[in-house]
Amino acid sequence: MSAVFTLLAVFIVGYYVFKKYNPIFVLLFSGLVLILFAFYFNGTQIPNAKFPHDSFLNVLLSGFDFIAQSFRKELAGVGLIIMSVAGFAAYMKHINASAKLAFLANKPLGKIKNKYLILSGTFIVGMALKIVISSYAGLLLLLLACIYPVLIALKIRPITAVCVLSLIALDYGPKDASSINMADMVGQKENVVGLFLNFQSYSVLAYVLVIAVLIPFYFAWVDKKDAQKGILQTQAENLEIINPQCPTFYIFFPWLPVVFLFTTYFLGIKLDVVSANFISISLVFIIEFIRHRDGKKLSEDIMVIIKAMAEIFVSVVSIIIAAGVFAQGIKALGGLDILTGAVLSFGKEGEFAWFAVLLSISVLSFLVYFVTIIMGSGIAAFAAFGKLASDIATKLGIAPITLVLPIEIASCLGRAASPIAGGILALAGFAKLSPMDIIKRTTPLLLIAMIVNILVAFYLAKTNLIT
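Note that the structure is predicted; figures quoted are calculated from it, not measured.

A.B. asks: Describe the overall build of the protein, listing the residues and the values that go with them.
C.D. replies: The helix and strand inventory of the protein stands at 20 helices and 0 strands. Expressed along its principal axes, the backbone C-alpha trace of the protein runs to roughly 70 × 60 × 45 Å. Of the contacts made within the protein by residues no fewer than 6 positions apart, 77% connect residues no fewer than 24 positions apart.

The structure is reproduced here in structure tokens:
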């Protein structure tokens, strides 16, 4: 019955999120209900309970106390890191540094003769920018302003252009919220750079290589099919390419935290992400003061950072906290223990053990992929199932990163396949298309990327790169 209740809980939560109920409320409320239900259903104790479980009132108080503990823990840890990243990113946008970077990054694309190779180049440039502009929707909006007009001017179909932009999907690097959350899940919160270099970079490079190679062949084939059907979309009007107003050297500013983190990592200095962001902000503040000679403007700019930190708390950090409560409720039901036991039945040694690892990676990755499509939020699905994956990995006797990394990638791919994801809606609205028009064309590539993701994760585990 535990397995049935577990699947039912996941289905109900997915249903209400799909119906546009606020995911924070749905995850928090369902998590609390599941924790209380699990206590009475199978006697699972509420973690770190301060009240004796001798009455319903005390059990209820313990449930709310667990939620309060979750808020305190995340706000003092991962939440603060993500908020500092968001504050820095907002400031870079405010002074046009990130827009200038995106504008200049597209310059080499116009020199490529074959328009389908231009699409591959756009994809590679976008994925390179992702390490410093970590927001999926934020980066897409920048690319729509800076690179999309270039693609249209080069006679590339609007629908093809936005499809390629949607594939710039992976969240990675030491400044990214999902990467930071992943490091916390696997017990290496202070080693985000190391996790990126040693593990995450393999998955990202494999994705970029495979998709970049497939883009010219796939979209040439799609355009040919559309031409045969007589539905080749008319060319969009020429759009103005705007050069953001700021000095050219400002393109280096978005890279500052990444440079600090990588430099200190190789020097053996423990610099955390929060400190790297605030050091970078301080340096840019000094340069902005020298440029404008306006202390009042500089003092007002701090509100851009504070407001962005508040907004990311609402949109990301609170979802991570709520998803953590929901994950605890799912764990308390006991259904995952049954699933883990079934996987362990393949054995802990020999080829059957490796099959168990591959099965776990595949099942969890596709589960997160489809849940993300329904939710439209990669961070919500990953935050909920990543914590569970870490526990499953421990029971399987493998490193938590073995399962957590592929589902982090799967959550990004699922977001790119979701017609209700913010980034996809922005692309569709800009090109005057239906979100499903984009999804139908990109899904084959995203499914190939899912297979690549699973194979890379299994390869890392099999070759003992993950230990």
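Text resumes after the structure shown.
A.B. asks: Outline the nonpolar core, listing residues and values.
C.D. replies: One finds Phe123, Tyr207 and Phe219 to be the most contacted residues of the largest nonpolar core, which totals 167 residues. By residue number, the principal contributor to this core is helix α14 (residues 295-333), which donates 17 residues. In contact with Tyr207, not counting residues within four places along its chain, are Phe123, Met127, Leu167, Ala169, Leu170, Leu413 and Ala449.

A.B. asks: Can you explain a nonpolar patch on the surface? Please cite residues and give values.
C.D. replies: On the surface, Leu8, Phe11, Ile12, Tyr15, Tyr16 and Tyr21 cluster together into a nonpolar patch covering about 610 Å² of accessible area. Here Tyr15 is to be found in helix α1 (residues 2-18).

A.B. asks: So, the packing of aromatic side chains: which residues are in play, and what are the values?
C.D. replies: By the definition in use, this model includes 18 aromatic pairs. Seen in terms of ring centroids, Phe123 and Tyr207 are 5.7 Å apart; in terms of plane orientation they differ by 65°. Their pairing is edge-to-face. Of this pair, Phe123 sits in helix α6 (residues 115-129) while Tyr207 sits in helix α11 (residues 192-229); the two residues are 84 residues apart in sequence, bridging distant segments of the chain. You can call Tyr207 buried: its relative accessible area is 4%. Members of the aromatic cluster, connected to one another through ring pairs, are Phe39, Tyr40 and Phe56.

A.B. asks: Can you break down unusual backbone geometry residue by residue, with the values?
C.D. replies: If you check the backbone angles, Asn96 has positive phi at about 70° while not being a glycine. Mapped onto the secondary structure, Asn96 falls in the loop between α4 (78-94) and α5 (97-105). Even without glycine at this site, Lys432 takes up a positive phi of about 55°. Tracing the backbone shows Lys432 in the loop between α19 (422-431) and α20 (435-462).

A.B. asks: Got a sec to walk through α19? Specific residues and values, please.
C.D. replies: Gly423, Ile424, Leu427, Ala428 and Ala431 are the residues of α19 that are buried. Viewed end-on, α19 has its buried residues packed into an arc of 130°, placing them on one side of the element. Looking at the buried positions of α19, the neighbouring elements they touch are α7 (136-146), α8 (148-153), α9 (158-166), α18 (401-416) and α20. Looking one or two residues past α19, Lys432 carries a phi angle of roughly 55°, positive in sign.

A.B. asks: Quick one: what's the story with the pattern of salt bridges, residue by residue and with numbers?
C.D. replies: A full pass over the atoms with the stated rule returns 8 salt bridges. Residues Arg157 and Asp226 are paired through a salt bridge, measuring 3.0 Å at the closest nitrogen-oxygen approach. Separated by 69 residues along the polypeptide, Arg157 in the loop between α8 and α9 and Asp226 in helix α11 bring together distant segments of the chain. In this structure, Arg157 and Asp226 share a single accessibility class: buried. The salt bridge involving Lys297 is made with Asp301; its shortest N-O contact spans 3.1 Å. With Lys297 and Asp301 both in helix α14 and 4 residues apart, the pair spans about one turn of that helix. Ionic contacts of the salt-bridge type, sharing partners, join the residues Arg157, Asp223, Asp226 and Arg441 into one network.

A.B. asks: Talk me through the side chain of Glu288; I want residue IDs and the actual numbers.
C.D. replies: Locating Glu288 in the fold gives a position in helix α13 (residues 273-292). At 2.5 Å, the side chain of Glu288 forms a polar contact with the side chain of Tyr250. When neighbours within four sequence positions are excluded, Glu288 is seen to be in contact with Tyr91, Ile95, Tyr250, Arg293, Lys297, Leu298 and Asp301.

A.B. asks: How would you explain the packing of helix α12 (residues 256-267) against α13 if you had to name every residue and give the values?
C.D. replies: The geometry of α12 relative to α13 is characterised by a closest axis approach of 9 Å and an angle of 130° between their N-to-C directions. Looking at the two axes, α12 sits oblique to α13. As for the relative orientation of α12 and α13, their crossing is right-handed in sense. Residue-level inspection shows Leu256, Pro257, Phe260 and Leu261 of α12 in contact with α13, the latter providing Val273, Ala276, Asn277, Ile279, Ser280, Leu283 and Val284. In terms of residue class, the contact of α12 with α13 is built from 9 nonpolar, 2 polar and no charged.

A.B. asks: Give me the state of the cysteines: which residues, what numbers.
C.D. replies: What is meant by a disulfide is a covalent connection between two cysteines, made through their sulfur atoms. Tallying each qualifying case throughout the model produces 0 disulfides. No disulfide involves Cys412; its nearest neighbouring cysteine sulfur is the one of Cys163, lying 19 Å away.

A.B. asks: Outline the environment of Ile131, supporting the account with residue identities and numerical values.
C.D. replies: Along the chain, Ile131 falls in the loop between α6 and α7. Residue Ile131 is classed as buried on the basis of its relative accessible area of 10%. Spatially, the C-alpha atom of Ile131 lies 7.5 Å from that of Asp176, the residues being 45 residues apart in sequence. For Ile131, the residues in contact, after removing those within four places along its chain, are Tyr172, Gly173, Lys175, Phe196, Trp255 and Val258.

A.B. asks: Help me get a handle on the environment of Ala86, residues and values and all.
C.D. replies: With respect to the element layout, Ala86 can be found in helix α4. Sequence spacing of Ala86 and Ile159 is 73 residues, and the spatial spacing of their C-alpha atoms is 30 Å. Residues within four places of Ala86 in sequence aside, it is in contact with Ala308 and Ile312.

What counts, and at which threshold
Residues numbered from 1 in each chain as written. Predicted model: local features only at pLDDT ≥ 70, side-chain atom pairs only at ≥ 80, totals over all residues. Heavy atoms only, no water. Helix = DSSP H or I, 4+ residues; strand = E, 2+ residues; numbered from the N terminus. Contact = heavy atoms within 4.5 Å. Core = buried A, V, L, I, M, F, W, Y, C linked by side-chain atoms within 4.5 Å. Buried < 20%, exposed > 50% of the residue type's maximum accessible area, 1.4 Å probe, protein only. Patch = residues over 30% accessible without salt bridge, like charges linked within 9 Å, V, L, I, M, F, W, Y side chains within 5 Å. Areas by Shrake-Rupley, 256 points an atom, 1.4 Å probe, with all protein chains shown as cover. Salt bridge = Lys/Arg side-chain N within 4 Å of Asp/Glu carboxyl O. Phe/Tyr/Trp six-rings, centres within 6.5 Å; stacked < 30°, edge-to-face > 60°. Arc of directions from axis to C-beta. Polar contact = N/O pair within 3.5 Å; in protein donor to acceptor, adjacent residues only side chain to side chain. Axes fitted to C-alpha atoms, helices over the stretch in contact; angles between N-to-C directions. Parallel < 35°, antiparallel > 145°, perpendicular 65-115°, else oblique. Left-handed = near helix turned anticlockwise from the far one by under 90°. Nonpolar A, V, L, I, M, F, W, Y, C, P; charged D, E, K, R; others polar. Disulfide = S-S within 2.5 Å.

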